[in-house]
Amino acid sequence: MTARASAHSPWLIANLLAQISFGLLAMTLCLPSMQEWGAIFGTDQAHVQLTFSGYVIAYGLLQLVYGPLSDHHGRKAMLITGLAIAGAASVIAMLSHDITTLTLARVLQGAGSAASMVVGRSMVQDLFEGPARTRVMAYIGMALGLCPPIASIIGGQIHVHLGWQGNFVLIALVSAVLIWTTWRG
């Protein structure tokens, strides 16, 4: 384990877990709201489902891009860029008045969120070795397994109490916090 990783293990591991889980949080937090988007935006369920499909496609494809970009431009720069894109897209989604704008915002959100998954995992490879790396990867596996169901529950509660836009506010706030922790760390 490197000196940096051993000196900051609890903070570093928590930060990495949050970064890597961010994309799944953004993907699943608004799932409970989707059932009402058809009525809210006056559209059919097929157009509503495009908001999710667009996110997933952008999230998957851009992971292939962020890896080489983070090797060339640096992990911190690409992580902050991706989080900023996801945060800005969350604000656009929150302000959407039609399904087309919401779909485009979700695609942009997925494109930005992809950075946290790829760069976070690359940082684990950069910072940890041997048994410490295995332990951190086990934590990541647990976090990735728990994130979607917990995010759906939280998203449902936010939807009930604050409306569908509240989920996008939370994602924007989380991205801002993660930008700060990335900049500081």
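Keep in mind that what you see is a predicted model, and the values were worked out from it rather than measured. (Residues numbered from 1 in each chain as written. Predicted model: local features only at pLDDT ≥ 70, side-chain atom pairs only at ≥ 80, totals over all residues. Heavy atoms only, no water.)

A. Region of the structure containing the packing of aromatic side chains. Considering all chains together, one arrives at five aromatic pairs under this definition. With a centroid separation of 5.6 Å and 25° between ring planes, the pair formed by Tyr55 and Tyr59 is classed as stacked. Of the two residues, Tyr55 and Tyr59 both sit in helix α4 (residues 45-73), four residues apart, roughly one turn of that helix. For Tyr59, a relative accessible area of 7% puts it in the buried group. (Phe/Tyr/Trp six-rings, centres within 6.5 Å; stacked < 30°, edge-to-face > 60°. Helix = DSSP H or I, 4+ residues; strand = E, 2+ residues; numbered from the N terminus. Buried < 20%, exposed > 50% of the residue type's maximum accessible area, 1.4 Å probe, protein only.)

B. Expanded view of the environment of Asp126. As for its position among the elements, Asp126 is in helix α6 (residues 99-127). Here Asp126 falls in the partly exposed class, since its relative accessible area comes to 41%. Within the local environment of Asp126, its side chain forms a polar contact with the side chain of Arg75, the two groups lying 2.7 Å apart. (Polar contact = N/O pair within 3.5 Å; in protein donor to acceptor, adjacent residues only side chain to side chain.)

C. Here's a closer look at the pattern of salt bridges. A full pass over the atoms with the stated rule returns two salt bridges. Arg75 is the partner of Asp71 in a salt bridge, and the nearest nitrogen-oxygen pair spans 2.7 Å. With a closest N to O distance of 2.7 Å, Asp126 and Arg75 form a salt bridge. In this pair, Asp126 is assigned in helix α6 and Arg75 in helix α5 (residues 75-94), connecting sequence segments 51 residues apart. Linked by salt bridges that have partners in common, Asp71, Arg75 and Asp126 make up one network. (Salt bridge = Lys/Arg side-chain N within 4 Å of Asp/Glu carboxyl O.)

D. Broad picture of the confidence of the model for the protein chain. Summary statistics for the protein chain give a mean pLDDT of 91 and a share of 96% for residues scoring 70 or more. Mean pLDDT in the protein chain bottoms out at helix α1 (residues 3-7), which sits at 47, and peaks at α5, which reaches 96. Counted against residues more than four places away or in other chains, residues 1-5, with its pLDDT under 50, gives 13 contacts. (pLDDT = per-residue confidence, 0-100. Contact = heavy atoms within 4.5 Å.)

E. View of the packing of helix α2 (residues 9-28) against helix α8 (residues 165-184). Two elements in contact, α2 and α8, have axes separated by 11 Å at closest approach and are oriented at 150°. Taken together, the axes of α2 and α8 lie roughly antiparallel to each other. Crossing of α2 over α8 shows left-handed handedness. Facing Trp11, Asn15, Ala18, Gln19, Phe22, Leu25 and Ala26 of α2, the residues of α8 in contact are Ile171, Val174, Ser175, Leu178, Thr181 and Thr182. Classifying every residue of the contact of α2 with α8 by side-chain character gives eight nonpolar, five polar and no charged. (Axes fitted to C-alpha atoms, helices over the stretch in contact; angles between N-to-C directions. Parallel < 35°, antiparallel > 145°, perpendicular 65-115°, else oblique. Left-handed = near helix turned anticlockwise from the far one by under 90°. Nonpolar A, V, L, I, M, F, W, Y, C, P; charged D, E, K, R; others polar.)

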